[in-house]
Amino acid sequence: MMTTAQLKQLHAAGMEIGGHTHRHPILAKLDRTEAQAEIGAGKVWLEDTLGDRVRLFAYPNGKPGADYLPEQAEIVCGLGFEAAVSTQRGVSTAGTDRYQLRRFTPWDTKPTAYAMRLLRNLAER
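Residues numbered from 1 in each chain as written. Predicted model: local features only at pLDDT ≥ 70, side-chain atom pairs only at ≥ 80, totals over all residues. Heavy atoms only, no water.

**Q** Sorry if this is basic, but what is going on with the pattern of salt bridges here?
**A** A side chain of one charge can pair with a side chain of the opposite charge if their charged atoms are brought near each other. Under the definition given, this model contains six salt bridges. Here Glu47 makes a salt bridge to Lys43, at a shortest N to O gap of 2.6 Å. Separated by four residues within a single helix, Glu47 and Lys43 lie in helix H2 (residues 32-50), roughly one turn from each other. By sharing partners, the salt bridges in this structure join Glu16, Arg53, Arg55 and Glu82 into a single network. (Salt bridge = Lys/Arg side-chain N within 4 Å of Asp/Glu carboxyl O. Helix = DSSP H or I, 4+ residues; strand = E, 2+ residues; numbered from the N terminus.)

Here it is in structure tokens:
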């Protein structure tokens, strides 16, 4: 979606660049060795490209139990990421597993719809 030059520009401008995987597979469909290789290769490529440590990870598609499994969260931790985000709706709290953080995705263009989505998200603690 971006060129390497654009990625470097974002990083140079102060944006945090997080890891994903090397080829965007659904991690739950891979065995442990394949999943570790995918996650690790993406991290290594980004760190080599940016000349900086990559601290955060986002699971491809990101649905817990369908797109990734708890064992992949363990791999992410073991590879030195500090945290990871899923696409599970809801609010992450101090007690949330930092390798399975929930996210709020505000896709709405109208203030009322945005407010309703925010309220639904807050209700899913």
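Don't stop here, the text continues.
**Q** Just checking my understanding: could you explain the packing of H2 against helix H3 (residues 70-78) for this structure?
**A** Each packed pair of helices is defined by two parameters, the angle between the axes and the distance between the axes. For the pair H2 and H3, interaxial distance at closest approach is 10 Å and the crossing angle is 45°. Judged by the angle between their axes, H2 and H3 are oblique. In terms of crossing hand, the pair formed by H2 and H3 is right-handed. Counting all contacts with H2, which are made through Arg32, Ala35, Gln36 and Ile39, the residues of H3 involved are Glu71, Gln72, Glu74, Ile75 and Val76. Split into classes, the residues belonging to the contact of H2 with H3 amount to four nonpolar, two polar and three charged. (Axes fitted to C-alpha atoms, helices over the stretch in contact; angles between N-to-C directions. Parallel < 35°, antiparallel > 145°, perpendicular 65-115°, else oblique. Left-handed = near helix turned anticlockwise from the far one by under 90°. Contact = heavy atoms within 4.5 Å. Nonpolar A, V, L, I, M, F, W, Y, C, P; charged D, E, K, R; others polar.)

**Q** How should the packing of aromatic side chains be read in this particular structure?
**A** Two aromatic rings are characterised by how far apart their centres lie and by the angle between their planes. Enumeration according to the criterion identifies three aromatic pairs in this entry. Taking the centre distance of 3.7 Å and the plane angle of 5° together, the rings of Tyr59 and Tyr68 count as stacked. The two residues Tyr59 and Tyr68 agree in class, both being buried. Taking NZ or CZ as reference, Lys43 lies 5.2 Å from the ring centre of Phe81, over its face. (Phe/Tyr/Trp six-rings, centres within 6.5 Å; stacked < 30°, edge-to-face > 60°. Buried < 20%, exposed > 50% of the residue type's maximum accessible area, 1.4 Å probe, protein only. Lys NZ or Arg CZ within 6 Å of the ring centre and 35° of its normal.)

**Q** What is the right way to read the nonpolar core from this model?
**A** The nonpolar side chains of soluble globular proteins are, as a tendency, buried together. Within the largest apolar cluster, 17 residues are counted, with the highest numbers of intra-cluster contacts made by Leu27, Ile39, Phe57, Tyr59, Val76, Phe81 and Tyr99. Mapped onto this core, the elements with two or more residues apiece are H2 and H3. At four residues, H2 tops the list of elements feeding residues into this core. (Core = buried A, V, L, I, M, F, W, Y, C linked by side-chain atoms within 4.5 Å.)

**Q** Where do I start with H3 in this structure?
**A** For an α-helix, 3.6 residues make a turn, and residues three or four places apart therefore share a direction. Listed in full, the buried residues belonging to H3 are Gln72, Ala73, Ile75 and Val76. Buried residues of H3, seen end-on, are gathered within an arc of 155° and therefore sit on one face of the element. Exposed and oriented more than 90 degrees from the buried face of H3 are Glu74 and Gly78. For H3, the elements touching its buried residues are H2, strand E1 (56-58) and strand E2 (83-85). (Arc of directions from axis to C-beta.)

Just distances and angles here, no functional claims.
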